[in-house]
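Coordinate analysis (summary)
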Amino acid sequence: MRTLALIFTLLIYSNSGMSKDLQKATLGGGCFWCTEAIYLELKGVVDVKPGYSGGHVKNPTYNEVCEGTTGHAEVVQITFDPEVVSFSEILEVFFMTHDPTTLNRQGNDVGPQYRSAIFYHNEKQKEVAERVIDLFEKEEVYSKPIVTEVTGFDKFYVAEDYHINYYARNKTQGYCQFVVAPKLEKFKKIFKDQLK
């Protein structure tokens, strides 16, 4: 796929000028059970925590976020080694494993908590995010415009314990079988060379 080749051209760009220490990425791609399961399988990812970002309520609960009134999105905060996986590769996985063209929605999950969002941690991440979005749009990877929010990171609130590693602990649950598992399989097929 031509787009993937173009994304890879960002690798040198996205790694230059960045610290060699571990870095963080905070992404909202719909339900965090899906995004957590995917990033836990990506080479170079050290840790993934589900949680909430982008809202105005301190220490929100899952139930509060699900009401859609806190302003928070369900997100994952990814700790990664930029020597192994670049921020642009993190974003490539992000854009290829959820629908960034639906406002406040991922499939049957509807509400602002399911919005597509990148909460950048520094100006370099913002620049890379904007360039990746621009490339995906120029290559017309999606038939509709990308509506992903690109906003400066402020706070991250870790989700309740029962959300952590949710898919691995609940594979037989309906949502996991019919929503998480297909996304995970799609990821493994597309990014088979980047699996742990």
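Okay, so let's go over this structure. Owing to the predicted nature of the structure, the values given are computational and were not obtained by experimental measurement. (Residues numbered from 1 in each chain as written. Predicted model: local features only at pLDDT ≥ 70, side-chain atom pairs only at ≥ 80, totals over all residues. Heavy atoms only, no water.)

1. Examining the overall build of the protein chain
Here is the rule we go by: The numbering of helices and of strands both runs from the N terminus, where a helix is a DSSP run of H or I of at least 4 residues and a strand a run of E of at least 2. Buried, partly exposed and exposed residues are distinguished by accessible area as a fraction of the type maximum, computed with a 1.4 Å probe on protein chains only: under 20%, between the cut-offs, and over 50%, respectively. Any two residues whose heavy atoms approach within 4.5 Å at even a single point are treated as in contact.
On a plain count of helices and strands, the protein chain comes out with seven helices and eight strands. In the protein chain, buried positions account for 48% of the 196 residues. Looking at the protein chain alone, contacts between residues at least 24 apart form 79% of all its contacts between residues at least 6 apart.

2. Observations concerning the packing of helix α2 (residues 32-39) against helix α7 (residues 174-190)
Stated formally: Here an axis means a line fitted to C-alpha atoms, over the contact stretch when the element is a helix, while the angle between two N-to-C directions is reported on a 0 to 180 degree scale. Here is the rule for handedness: rotate from the far helix to the near one, and if that takes an anticlockwise turn smaller than a right angle the crossing is left-handed, while a clockwise turn gives right-handed. When residues are grouped by polarity, Ala, Val, Leu, Ile, Met, Phe, Trp, Tyr, Cys and Pro land in nonpolar, Asp, Glu, Lys and Arg in charged, and all others, Gly among them, in polar.
The contact between α2 and α7 brings their axes to 9 Å, and the two run at 35°. Helix-helix and strand crossings are classified by hand; for α2 and α7 the assignment is right-handed. Note on element contacts: α7 touches α2 through Tyr175, Val179, Val180, Lys183, Leu184 and Phe187, opposite Trp33, Cys34, Ala37 and Ile38. By residue class, the composition of the contact of α2 with α7 is nine nonpolar, no polar and one charged.

3. Observations concerning the pattern of salt bridges
How we decide: Whenever Lys or Arg places a side-chain nitrogen within 4 Å of a carboxyl oxygen from Asp or Glu, that contact is recorded as a salt bridge.
Tallied over the entire structure, the rule returns three salt bridges. The salt bridge partner of Arg115 is Glu149, with a shortest N-O separation of 2.6 Å. Of this pair, Arg115 sits in the loop between β5 (109-110) and β6 (116-120) while Glu149 sits in strand β7 (residues 149-152), placing them 34 residues apart in sequence.

4. Some words on the nonpolar core
Going by this rule: Nonpolar core, defined: a set of buried Ala, Val, Leu, Ile, Met, Phe, Trp, Tyr and Cys residues in which side-chain atoms within 4.5 Å join the residues together.
Among the nonpolar cores identified, the biggest contains 44 residues, and Tyr39, Ile78, Ile90, Leu91 and Phe95 are the most heavily contacted of them. No other element matches the seven residues that helix α4 (residues 87-96) contributes to this core. Not counting residues within four places of it along the chain, the set of residues in contact with Ile90 comprises Ala25, Leu27, Tyr39, Leu42, Val45, Ile78, Phe80 and Val85. Core analysis: the second largest hydrophobic core is formed by five residues, Ala73, Val75, Phe119 and Phe156 among them.

5. Notes on the packing of aromatic side chains
Applicable threshold: Aromatic rings from Phe, Tyr and Trp, taking only the six-membered ring of Trp, are treated as a pair when their centres fall within 6.5 Å; an angle between ring planes under 30 degrees marks them as stacked, one over 60 as edge-to-face, and anything in between as tilted.
Scanning the entire structure with this criterion turns up eight aromatic pairs. Look at Phe94 and Phe95: their rings are 5.0 Å apart centre to centre, the planes differ by 70°, and that puts the pair in the edge-to-face class. Both residues of the pair, Phe94 and Phe95, count as buried. A network of ring pairs unites the aromatic residues Phe32, Tyr52, Tyr62 and Tyr162 as a single cluster.

6. With respect to unusual backbone geometry
With phi around 55°, Asn104 is a residue other than glycine that occupies positive phi space. Inspection of the secondary structure puts Asn104 in the loop between α4 and β4 (105-106). Relative accessible area serves as the criterion here: at 25%, Asn104 is assigned to the partly exposed category. In this structure, Glu140 takes a positive phi of about 50° despite not being glycine. You can see Glu140 is positioned in the loop between α5 (123-138) and β7. By relative accessible area, Glu140 is classed as exposed at 65%.

7. Quick notes on the sheet that holds β6
Which entries qualify depends on this criterion: The pairing criterion is simple: DSSP has to find at least two bridges between the two strands.
Strand order across the open sheet formed by six strands is β7-β6-β1-β3-β2-β8, with mixed pairing between neighbours. In the strand order of this sheet, the two ends are held by β7 and β8 (157-158), each with one partner. Examined bridge by bridge, strand β1 (residues 23-29) and β6 share four bridges and lie antiparallel to one another. The residue bridging Thr26 from the neighbouring strand is Phe119, located in β6. Along the sheet, α4 makes contact with β1, β2 (45-53), β3 (73-80) and β6, crossing β1 at roughly 15°.

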